[in-house]
Amino acid sequence: MDPKNGSSFTGFILLGFSDRPQLERVLFVVLLIFYLLTLLGNMSIIALSRLDPHLQTPMYFFLSNLSFLDLCYTTSTVPQLLVDLRGADKSISFAGCVAQLFVSLWLGSTECILLGVMAFDRYAAVCRPLHYTVIMHPRLCSLMASASWFIGFVNSSLHTVFIFLVPLCGRNKIEHFFCEVTPLLKLACVDTTGNENEIFFASVIILLIPVALITFSYGQIVRVVLAIKSASGQRKAFGTCGSHLTVVSLFYGTGIYIYLQPSNNYSQDQGKFISLFYTIVTPMVNPVIYTLRNKDVMGAMRKVLCRAATGL
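Residues numbered from 1 in each chain as written. Predicted model: local features only at pLDDT ≥ 70, side-chain atom pairs only at ≥ 80, totals over all residues. Heavy atoms only, no water.

Across the protein, pLDDT averages 83, with 88% of residues at or above 70. Taking the mean pLDDT of every element in the protein, the minimum, 71, falls on helix 11 (residues 295-311) and the maximum, 93, on helix 6 (residues 138-164). Here residues 1-8 is modelled with pLDDT under 50, and outside its nearest four sequence neighbours on either side it reaches 15 contacts, counting other chains as well. (pLDDT = per-residue confidence, 0-100. Helix = DSSP H or I, 4+ residues; strand = E, 2+ residues; numbered from the N terminus. Contact = heavy atoms within 4.5 Å.)

This is how it looks when you write it as structure tokens:
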């Protein structure tokens, strides 16, 4: 690697929101509260899925994977941001930046695929109820979850290597609050069109193939649900899918905005706030969406709390 590309750096400077010191103080308090709620909500989902036998089904297996993923994804960026918001030193080491980019890309890519897998699970539950337990065999569920993590790992590995091979010529001020793809490429002192095209192509595959699977799955679900004559049956079927569809809309909406728009249309300020949304807001609201709209989770929570209360 060219020494000017990073090995001679003491690190990068994450400019973040340093041009708005008053906003930084407000953001610190808000993000700290959001982060704690994210930890609490996602850890609760994971614990409930383990403790309640009624939640040991394919749906909650994937949901606990999603909660663990969101937990790690938020932790890969938010603690560093909180430290930067409270102090004048906003530096991050070269190795730290590589690790942050790699982990955030890995987890983000994995979530894209996992949400597609979860849509297939809902399709099997609604459209093939008599064969659901056969289709969604525990071994297949484990295989699909593992494949999601592996594909995300490979995608992130390739992106991270390609991005940090780009010569930076001593530039180290990142116009963002964490090491993100587009701001890093903007540090390059060479033409990065080829890199941008590769990232765009990979993003199309990682984002749009799961979107196509989700669209197909929910198209089939809607067709089946509309054929159900019972109003209560329709509500139940839509209820099992509504939470997942809400999460999908939040996640893919922000992901498509960040990664599938032309680089010349990319706004640094908009990019920062959209990134704030998908790194902290979405992981925080996911457990809330699944909990409030799900009687099984609410029931499991009441049982665990009652058990804890009687054990005191």
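This paragraph deals with the state of the cysteines. Applying the stated criterion across every chain, the model contains one disulfide. Shown here is the disulfide that connects Cys97 with Cys179, its sulfur atoms set 2.0 Å apart. Taking the sign of the S-S torsion, about -125° here, the bridge from Cys97 to Cys179 comes out left-handed. Within this pair, whereas Cys97 is found in helix 4 (residues 94-127), its partner Cys179 is found in the loop between strand 3 (173-174) and helix 7 (181-185), the two being separated by 82 residues in sequence. Both residues of the pair, Cys97 and Cys179, belong to the buried class. (Disulfide = S-S within 2.5 Å. Buried < 20%, exposed > 50% of the residue type's maximum accessible area, 1.4 Å probe, protein only.)

Take the pattern of salt bridges next. This model, assessed by the stated rule, comprises three salt bridges. A salt bridge links Asp121 to Arg122; the shortest N-O distance between them is 2.9 Å. Each member of the pair, Asp121 as well as Arg122, carries the same accessibility label: buried. Close ionic contact of Lys272 with Glu175 constitutes a salt bridge, the shortest N to O distance being 2.7 Å. Placement of Lys272 in helix 10 (residues 268-292) and of Glu175 in the loop between strand 3 and helix 7 is noted, with a sequence separation of 97 residues between them. Assessed through its relative accessible area of 1%, Lys272 is described here as buried. (Salt bridge = Lys/Arg side-chain N within 4 Å of Asp/Glu carboxyl O.)

So, about the packing of aromatic side chains. On inspection of all chains with the given rule, the structure shows 15 aromatic pairs. Seen from their ring centres, Phe94 and Phe164 are 5.5 Å apart, and the 85° between their planes marks the pair as edge-to-face. Within this pair, whereas Phe94 is found in helix 4, its partner Phe164 is found in helix 6, the two being separated by 70 residues in sequence. What makes Phe164 buried here is its relative accessible area of 5%. Members of the aromatic cluster, connected to one another through ring pairs, are Phe68, Phe102, Trp106, Trp149 and Phe153. Above the plane of the ring of Phe28 lies Arg86, whose end atom (NZ or CZ) is 5.0 Å from the centre. A cation sits over an aromatic face here: Lys272 above Phe17, 5.8 Å from the ring centre. (Phe/Tyr/Trp six-rings, centres within 6.5 Å; stacked < 30°, edge-to-face > 60°. Lys NZ or Arg CZ within 6 Å of the ring centre and 35° of its normal.)

Here three strands make up an open sheet; going across it, the order is 2-1-3 and the pairing mixed. Because the sheet does not close on itself, it has two edges, and the strands there are strand 2 (91-92) and strand 3. Across two bridges, the pairing between strand 1 (residues 12-14) and strand 3 is parallel. Pairing of Leu14 across the sheet is with Ile174, part of strand 3. (Pairing = 2+ DSSP bridges.)

One can describe the packing of helix 1 (residues 21-51) onto helix 2 (residues 58-75) by two numbers: an axis separation of 9 Å at closest approach and a directional angle of 155°. Viewed along their axes, helix 1 and helix 2 adopt a mutual orientation that is roughly antiparallel. For the pair helix 1 and helix 2, the crossing hand works out as left-handed. In contact with Tyr35, Thr38, Leu39, Asn42, Met43, Ile45, Ile46 and Ser49 of helix 1, helix 2 contributes Tyr60, Leu63, Ser64, Ser67, Phe68, Asp70, Leu71, Thr74 and Thr75. When the residues that make up the contact of helix 1 with helix 2 are grouped by side-chain class, the tally is nine nonpolar, seven polar and one charged. (Axes fitted to C-alpha atoms, helices over the stretch in contact; angles between N-to-C directions. Parallel < 35°, antiparallel > 145°, perpendicular 65-115°, else oblique. Left-handed = near helix turned anticlockwise from the far one by under 90°. Nonpolar A, V, L, I, M, F, W, Y, C, P; charged D, E, K, R; others polar.)

A separate point is the UniProt feature "transmembrane region" (unreviewed entry) in the protein. With numbering matched to this structure, UniProt assigns "transmembrane region" (unreviewed entry) to residues 26-48, 60-78, 98-120, 140-166, 199-226, 238-260 and 272-292. As a span, residues 60-78 carries 89% helix and 0% strand, and end to end its C-alpha atoms are 26 Å apart. (UniProt positions renumbered as here; feature names shortened; annotations may be inferred.)

Let us now look at the nonpolar core. Core analysis: the largest hydrophobic core is formed by 60 residues, its most contacted members being Leu31, Phe62, Leu66, Leu115, Ile221 and Tyr252. The biggest single contributor to this core is helix 4, with 12 residues. Here Leu66 is in contact with Glu111, Leu114, Leu115, Met118, Val247, Asn286 and Tyr290, once residues within four sequence places are set aside. (Core = buried A, V, L, I, M, F, W, Y, C linked by side-chain atoms within 4.5 Å.)

Following the sequence through the fold, Gly116 ends up in helix 4. With 101 residues separating them along the chain, Gly116 and Ser217 place their C-alpha atoms 8.9 Å apart. Residues in contact with Gly116, not counting those within four places in the same chain, are Pro210, Leu213, Ile214 and Tyr252.

Take helix 8 (residues 193-227) next. The first and last C-alpha atoms of helix 8 sit 50 Å apart over 35 residues, in line with the 51 Å expected at 1.5 Å per residue. By the burial criterion, the buried members of helix 8 are Asn195, Ile199, Ala202, Ser203, Ile206, Leu207, Pro210, Ile214, Ser217, Tyr218, Ile221 and Val225. (Expected span 1.5 Å × (residues − 1).)

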